[in-house]
Amino acid sequence: MNQKALNPDGQSELKINYLNSYDEGRPSILLIHGWGSSSGIWANSTGKLALSFNILTVDLPGHGEHAELSFNSIDEFVSELEVCIPVKSFSIIGWSLGGIVGSLLAQRLTGRVTALVTIATNQSFLANPKSPSGMVRLDFFAFSDALSSASLQNQITRFQIMQAQGIETAKHDCRCIRSLIDGVEFSLDGLELGLSVLEELDLYDCWQNLSIPVMHQFGQYDSLVPVSACRSIAENHKHHNFQIFSDSAHLPFISESEKWQLDTGKFLSQALQDQKIDKDSIADSFSIAAKAYDELAKFQHETGLKLLELLPNKEINRLVDLGSGTGFHSGSLRDNYPTAQILELDLSGAMLAYSKRFQAAESPEKKLPIKTLQVQGDIENLPIKKSSVDLIFSNLSVQWCDDVDEFFNECARTLVIGGKAFLSTLIQGTLFELKYAWSMVDTGVHVNRFESLSKLQQGYEQAGLVLDNCYEVDQIQYFDDLRDLLKSVKKIGAHNMNPKRAQGLLGKNKYKRFSKAYEGFKANKNQYPLTYRIVYLELTKRS
């Protein structure tokens, strides 16, 4: 089936193709091929994906069906492509150059793209200080300078050989590539545009700004985009996911087609789900941890003390501590606001009961009666009247929200005009070492998801809250033993609460692979690091 899509003025000649029959009940995937190829490259690699997804493809400028189309820049092509895609929401899978184009498209269509998978795509195709694992520039220019109308087909054939070399199935894969794009037409202008993108573009900023789930896939023996790029990208983009195909070079979707389809489909399906955090599990988890929490939660306490330093020195009537836990900061809040009514609100009844029973009778500095009220509730659905709160204090609780937009809406609803919210929360980049190490083991969900700062910004702005202060900091803990590191996360009740989290015992082989992957992060006297990325926000309700 061929879909010729038109932009609003009816001039676009871009074509979007479906590889299977469109079904409104299925989610959609847009596949974008690489340099010197066409959408036909996907023909043998989508059978299993097509059972669960609508599969759409598009040819790059100067390639295949778009051999006669020319654009001044890749941005111009992406701008036209974004108005031509005939589905409301979709995931993107981009291979090599297609991964670059897919990334740019995902950045433009943040509200429509649900996930991004890049295959053999480096942050920068050519080596630079931020992406040292890129191709050597002299090698690239030797290849690009040799491209001409006369040598066009020879250079494409040469490139096909480079994509498969280094693996046992190299000859088979080369024959497969040739058969899949046999008879495909190319234009010199389009090929040169693709090479200019590979030469010039660095995706660092683009990938930093993406708040959707992202998976980077690599082949173990890829000579064009070496597997070492995976580690480099993991350090720069700590909120992304990674996978290495052990029997592949530049073409894992061909060399390991079944595994690639299974793992990619699983990742995209997980991304499509609401990923609602299991709040009952969170409450139970923190309830179990309640008695030992204050002893173990030094990190949380330190973060709360920094948040306390931001509070204004003025009289207020009513203050709410959202996600109050054991009430550790209630005494300091009383010192700051001697006459205010202080409400502790938490999801865990055990935490609140502990606070009520063991809370100190007097505040630490002014020795004032603390006298707080405890209410069990959800910070996304506050049991508090409209415009009744002068100040909201919330230390490391927002990351447990299923929908941060609802949280900010509730803050705006309950605050008085001029009321303020002081928040600290974990954002993307938190536990990135754990996430990377697990991604080297399997495609399961092992680490809680954390929102990006841009997503938080979107939430509080839409709620009508104004930002007065914001700063971000990485707090790194170090451990001599990897098992102690894992226990530290679990003992404070902050372990994995995603509904798709891996269940059951961890086998020895998996743990060995996990441990080996984590070894690469060792530093600071050969210790294992664990990063928490924290953002502090001061917000005001102006009207």
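Residues numbered from 1 in each chain as written. Predicted model: local features only at pLDDT ≥ 70, side-chain atom pairs only at ≥ 80, totals over all residues. Heavy atoms only, no water.

(A) Structural detail: the packing of helix α16 (residues 432-439) against helix α19 (residues 508-519). As a packed pair, α16 and α19 sit with axes 8 Å apart at the nearest point and diverge in direction by 130 degrees. The orientation of α16 with respect to α19, classified from their angle, is oblique. Note that α16 runs across α19; the crossing there is right-handed. Judged by residue contacts, Glu433, Leu434, Tyr436, Ala437 and Trp438 of α16 engage Phe514, Ala517 and Tyr518 from α19. Among the residues making up the contact of α16 with α19, the classes are represented as seven nonpolar, no polar and one charged. (Axes fitted to C-alpha atoms, helices over the stretch in contact; angles between N-to-C directions. Helix = DSSP H or I, 4+ residues; strand = E, 2+ residues; numbered from the N terminus. Parallel < 35°, antiparallel > 145°, perpendicular 65-115°, else oblique. Left-handed = near helix turned anticlockwise from the far one by under 90°. Contact = heavy atoms within 4.5 Å. Nonpolar A, V, L, I, M, F, W, Y, C, P; charged D, E, K, R; others polar.)

(B) The arrangement of the packing of aromatic side chains in detail. One pass over the full model with this rule turns up 23 aromatic pairs. For the ring pair Trp35 and Phe159, a centre distance of 5.2 Å and an interplane angle of 85 degrees mean the geometry is edge-to-face. Taken as a pair, Trp35 in the loop between β3 (28-32) and β4 (54-58) and Phe159 in helix α4 (residues 152-164) lie far apart in primary sequence, 124 residues in all. The residues Trp35 and Phe159 share a single accessibility class, namely buried. Both rings, one in Phe514 and one in Tyr518, keep their centres 5.9 Å apart while their planes meet at 70 degrees; by these two values the pair is edge-to-face. With a gap of four residues between them, Phe514 and Tyr518 both fall in helix α19, about one helical turn apart. In this pair, the class of Phe514 matches that of Tyr518, namely buried. (Phe/Tyr/Trp six-rings, centres within 6.5 Å; stacked < 30°, edge-to-face > 60°. Buried < 20%, exposed > 50% of the residue type's maximum accessible area, 1.4 Å probe, protein only.)

(C) Spotlight on empty space enclosed by the protein. Overall, the coordinates contain three cavities of 30 Å³ or more when judged by the stated rule. Volume-wise, the second largest cavity comes out at about 70 Å³. What lines the second largest cavity is Val398, Gln399, Cys401, Val404, Thr425, Leu426, Arg449, Phe450, Glu451 and Leu456. Split by residue class, the lining of the second largest cavity holds six nonpolar, two polar and two charged. (1 Å grid on protein atoms, 1.4 Å probe; cavity = no way out; pocket = protein on both sides within 12 Å on 5 of 7 lines; lining within 4 Å. Points joined across faces, edges and corners; volume = space filled by probe spheres on them.)

(D) Examining the pairing of β3 more closely. Summarising burial for β3: five of the five residues are buried, a large majority. Covered by surrounding structure in β3 are Ser28, Leu30 and Ile32 together with Ile29 and Leu31, the residues of both alternating faces. Pairing of β3 with β4, which is carried by five bridges, proceeds in the parallel orientation. Looking at β4, one finds that Ile29 is bridged to Ile55. Taken together, the four bridges between β3 and strand β5 (residues 90-95) define a ladder with parallel strand orientation. In the strand pairing of β5, Leu31 is matched with Ile93. (Pairing = 2+ DSSP bridges.)

(E) Fine view of the nonpolar core. Counting residues in hydrophobic clusters, the biggest one holds 95 residues, and the most contacted among them are Phe77, Leu434 and Tyr518. The element best represented in this core is helix α2 (residues 97-108), accounting for six residues. Leaving out residues up to four positions away in the same chain, Phe77 has contacts with Leu14, Val58, Asp59, Leu60, Pro61, Phe71 and Val101. One finds Ile55, Trp95, Ala115 and Ala170 within the second-largest nonpolar core, a separate group that totals 32 residues. (Core = buried A, V, L, I, M, F, W, Y, C linked by side-chain atoms within 4.5 Å.)

These values are about where atoms sit, not about what they do.
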